[in-house]
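Each chain is listed here by its residues.
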Amino acid sequence: GTAQIGVTGLAVMGRNLARNFARNGYTVALHNRTNARTRELVESFGDEGSFVPTESAEEFVAALERPRRLMIMVKAGAPTDAVIEEFAPLLEPGDQIIDGGNAHFEDTRRRERELRERGIHFVGVGVSGGEEGALHGPSIMPGGSPESYDTLGPMLERIAAKAPDGTPCTTHIGPDGAGHFVKMVHNGIEYADMQLIAEAYHLLRSVAGYSPEKIAETFREWNTGRLDSYLIEITAEVLAHTDPVTGKPFVDVVADRAEQKGTGRWTVQIALDLGVPVSGIAEAVFARSLSGHIDLREASQSLPGPTPQPLDEADAARFAAQVEQALYASKIVSYTQGFHQIRAGGDTYDWNIDLGSVAAIWRAGCIIRAAFLDRIRTAFDARADLPSLLSDKQFAEEIGAAQDDWRAVVATAARQGVPTPGFSAALAYYDALRARRLPAALTQAQRDFFGAHTYRRTDREGSFHTLWGGDRSEVGTG
Ligand code: NDP
């Protein structure tokens, strides 16, 4: 075979990744369960580079240069297993199967283990950037063996997005499922970012009384500052868009039900297992679910709320500036939580993930790309064992400077009856971390009362239990 890489699964993502490889000078073997898709790709884009279309598994494998690199871009879950089972028997030790789908990292760990026994490198790769990213340069998060990265890495670096300083947005994240894990948390952070932006919009609309056009303008302005990011940029575009059918602001004709595919939910499920408080991401996932509960929402329409208190123009402008502070502070908290989860996953699964390079490869290509990520990279590069992003001096200073406005926004939202689960959860997290004493002391005492779960003391070593049902004396339990 002559192809340096083969792609099977040629729907939007696979097709565009194949074209990206070809446009970067690689010979790409093509395969898809339904052959029509393969033919269509060659007919429409065959002149973009060197493609080897194939119509059977055997033909596909034969088209690949050895050791073979076979990339799967099919639906995650059972279809991916089916495709692996179709191809693995045709491969030889040293070959690589690369899964670029949105696999659950536990599946990736299982597949890697099974294929390793057969001498095949299984490389789970997180790909972010959607259809456009796949074609013009995504952010790529490869797991798998370091050995596989030796040969695959340079190819991924060629097709990946380039950060503003020119470095490719890909790096070997760590063994087995590390890449898919980091991609999962990327998506969780994406959910949180989107929710925070939505809350900012809601406040500007309901409290400041801004029109969608005016909010678009506000976001465009924010996008020239520290909030500079792809998501803020597209938010301005969406808000400025007018529905061609009705002439109304587009955002007003879209049904207010946010759907989800599941990676945000996975992030929260895994965070619960790891014991990592990702409250901002969790609120974002719950906000989407809540929006979909139409019956519940309709049944609640008549519940009382506060009387709206419209702001005059000067107050509205002041409030908008406060919302920018609240949005930025809450965003710092989301990333603090997300990076905490990556560190916890890395520790649990022995992945040895470098947090600075994760931030670095998110600077371009992916959905959460933002100027802000360069600062996160700097923070972790300066101190790899930084306990939390909030322990970084600069972030701590910024969030400290934002806190008064942040509190004012959350208080105003509560007073005016605008739900801000993201802003509020982020602020609660911040205050909980700051607190010298948490009411967890009371919680633990209650646990000792009803379940003899014991407690530790602030003044002595050891575990203790109070004889709550008896004379309430204290006994040491070890
Ligand atoms: P889809 O997830 O819609 O998957 C369609 C592809 O899967 C088709 O090529 C289809 O073949 C193939 N397929 C489905 N079931 C089987 C099966 N049992 N056996 C063989 N082939 C099968 O395509 P996308 O391009 O949207 O996504 C591909 C992967 O990339 C997914 O895992 C997705 O989660 C992930 N991803 C998607 C992003 C996006 O923005 N869309 C972003 C990042 C990752 P056929 O043509 O024969 O039906």
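Calculation notes
Along each chain, residue indices are assigned from 1 in the same order as the chain's sequence is written. For a predicted model such as this one, the threshold for reporting local features is a pLDDT of at least 70, and the threshold for listing and counting side-chain atom pairs is 80 or more; totals across whole chains, interfaces and linings nevertheless cover every residue. The side-chain numbers reported here are obtained from all heavy atoms of the structure, hydrogens and water having been left aside. Nearness is judged by heavy atoms alone; a residue qualifies as near a molecule or strand once a single heavy atom is within 4 Å of it. All accessibility values rest on the Shrake-Rupley procedure with a 1.4 Å probe; residue burial counts only the protein chains present in the view. Each helix is a run of DSSP H or I of at least 4 residues and each strand a run of E of at least 2, with the numbering of both proceeding from the N terminus. Residue polarity is assigned by list, with Asp, Glu, Lys and Arg as charged and Ala, Val, Leu, Ile, Met, Phe, Trp, Tyr, Cys and Pro as nonpolar; anything else, Gly included, falls into the polar class. Lines fitted to the C-alpha atoms define the axes, with helices restricted to the stretch that makes contact. Angles between their N-to-C directions range from 0 to 180 degrees. Should an angle fall under 35 degrees it is taken as roughly parallel, and over 145 as roughly antiparallel, whereas 65 to 115 is taken as roughly perpendicular and any remaining angle as oblique. For a crossing to be left-handed, the near helix must be turned anticlockwise from the far one by less than a right angle; the clockwise case is right-handed. Residues are treated as being in contact if the distance between any of their heavy atoms lies within 4.5 Å. Paired strands, in this sense, are two strands between which DSSP finds at least two bridges. UniProt positions are given in the numbering used here, feature names are shortened, and annotations may be inferred rather than shown by experiment. Each residue's exposure class comes from its accessible area (1.4 Å probe, protein chains only) as a fraction of the maximum for that residue type: buried when under 20%, exposed when over 50%, partly exposed otherwise. The term polar contact refers here to a pair of N or O atoms within 3.5 Å; inside protein, the definition further demands a hydrogen-donor-capable atom paired with an acceptor-capable atom, and it admits residues adjacent in sequence only when both atoms are side-chain atoms. Patch membership requires over 30% relative accessible area and the absence of a salt bridge. Like charges are linked within 9 Å, and nonpolar side chains (Val, Leu, Ile, Met, Phe, Trp, Tyr) within 5 Å. We define a salt bridge as a side-chain nitrogen of Lys or Arg found within 4 Å of a carboxyl oxygen belonging to Asp or Glu. Working convention for charge: Lys and Arg count positive, Asp and Glu count negative, and His plus the chain ends are omitted. The atom standing in for a charge is NZ when the residue is Lys, CZ when it is Arg, CG when it is Asp and CD when it is Glu. Disulfides are defined as cysteine sulfur pairs within 2.5 Å. Pairing of aromatic side chains requires ring centres within 6.5 Å, counting the rings of Phe and Tyr and the six-membered ring of Trp. Pairs whose planes differ by under 30 degrees are stacked, by over 60 edge-to-face, and all others tilted. Criterion for a charge above a ring: Arg CZ or Lys NZ at most 6 Å from the ring centre, at most 35 degrees from the ring normal.

**Student:** Sorry if this is basic, but what is going on with the site of the ligand here?
**Tutor:** Residues in close proximity to the ligand total 19 residues, the closest being Met 13, Asn 32, Thr 34, Arg 37 and Val 74. Contact with the protein chains covers 78% of the free accessible surface of the ligand, which is 900 Å². Among the secondary structure elements, those contributing two or more residues to the shell around the ligand are helix H1 (12–23) and helix H4 (78–87). Residues belonging to the shell around the ligand are distributed by class as follows: 10 nonpolar, six polar and three charged.

**Student:** In this structure, what is going on with the packing of helix H12 (residues 263–274) against helix H15 (residues 313–349)? I would like to understand it.
**Tutor:** When two helices pack together, their arrangement is given by the angle between their axes and by how far apart the axes lie. Put simply, H12 and H15 touch, their axes get as near as 11 Å, and they point 60° apart. Classed by the angle they form, the pair H12 and H15 counts as oblique. For H12 against H15, the interelement crossing comes out left-handed. Together, Thr 267, Ile 270, Ala 271 and Leu 274 of H12 and Gln 341, Ala 344, Gly 345 and Thr 348 of H15 make up the contact between the two elements.

**Student:** Explanation requested: the sheet that holds strand E4 (residues 69–72) in the structure shown.
**Tutor:** Backbone hydrogen bonds are what pair the strands of a sheet, in a parallel or an antiparallel way. Judged by pairing direction, the sheet is mixed, and its seven strands sit side by side in the order E3-E2-E1-E4-E5-E6-E7 without closing on themselves. Two strands bound the open sheet, and with one partner strand each, they are strand E3 (50–53) and strand E7 (139–142). Across this sheet, the average inter-strand angle for adjacent strands is 25°, counted without regard to direction. Where strand E1 (residues 5–8) and E4 come together, three bridges link them in parallel fashion.

**Student:** Quick question: what am I supposed to make of the UniProt feature "active site" (unreviewed entry) in the protein here?
**Tutor:** With numbering aligned to this structure, UniProt lists the feature "active site" (unreviewed entry) at Lys 183 and Glu 190. Summarising the element assignment, Lys 183 is placed in helix H8 (residues 178–206). Judged by its relative accessible area of 5%, Lys 183 is buried. With residues up to four places along the chain from it excluded, the contact list for Lys 183 reads Asn 102, Gly 126, Val 127, Ser 128 and Met 141. Polar contacts involving the side chain of Lys 183 include one to the side chain of Asn 102, which spans 2.7 Å. Relative to the helices and strands, Glu 190 is located in helix H8. Given a relative accessible area of 15%, Glu 190 falls into the buried group.

**Student:** It is not clear to me how a positive patch on the surface should be interpreted in this structure. Could you clarify?
**Tutor:** A grouping of Arg 33, Arg 37, Lys 75 and Lys 261 is seen on the molecular surface, where their side chains present a positively charged patch. Checked against the element boundaries, Lys 75 lands in the loop between E4 and H4.

**Student:** It is not clear to me how the state of the cysteines should be interpreted in this structure. Could you clarify?
**Tutor:** Here the structure, examined in full by the defined rule, presents zero disulfides. Among the cysteines around Cys 169, which has no disulfide bond, Cys 366 carries the closest sulfur, lying 7.2 Å off. A relative accessible area of 0% places Cys 169 in the buried class. Overall, Cys 366 belongs to the buried group, its relative accessible area being 0%.

**Student:** I tried to follow the packing of aromatic side chains on my own but got confused; where do I start?
**Tutor:** The geometry of two aromatic rings is summed up by the distance between their centres and the angle between their planes. Summed over the entire model, instances satisfying the criterion amount to 16 aromatic pairs. Geometry around Tyr 230 places Arg 369 over its ring, the cationic atom sitting 4.0 Å from the centre. Residue placement shows Arg 375 over the ring face of Phe 395; its charged tip is 4.8 Å from the ring centre.

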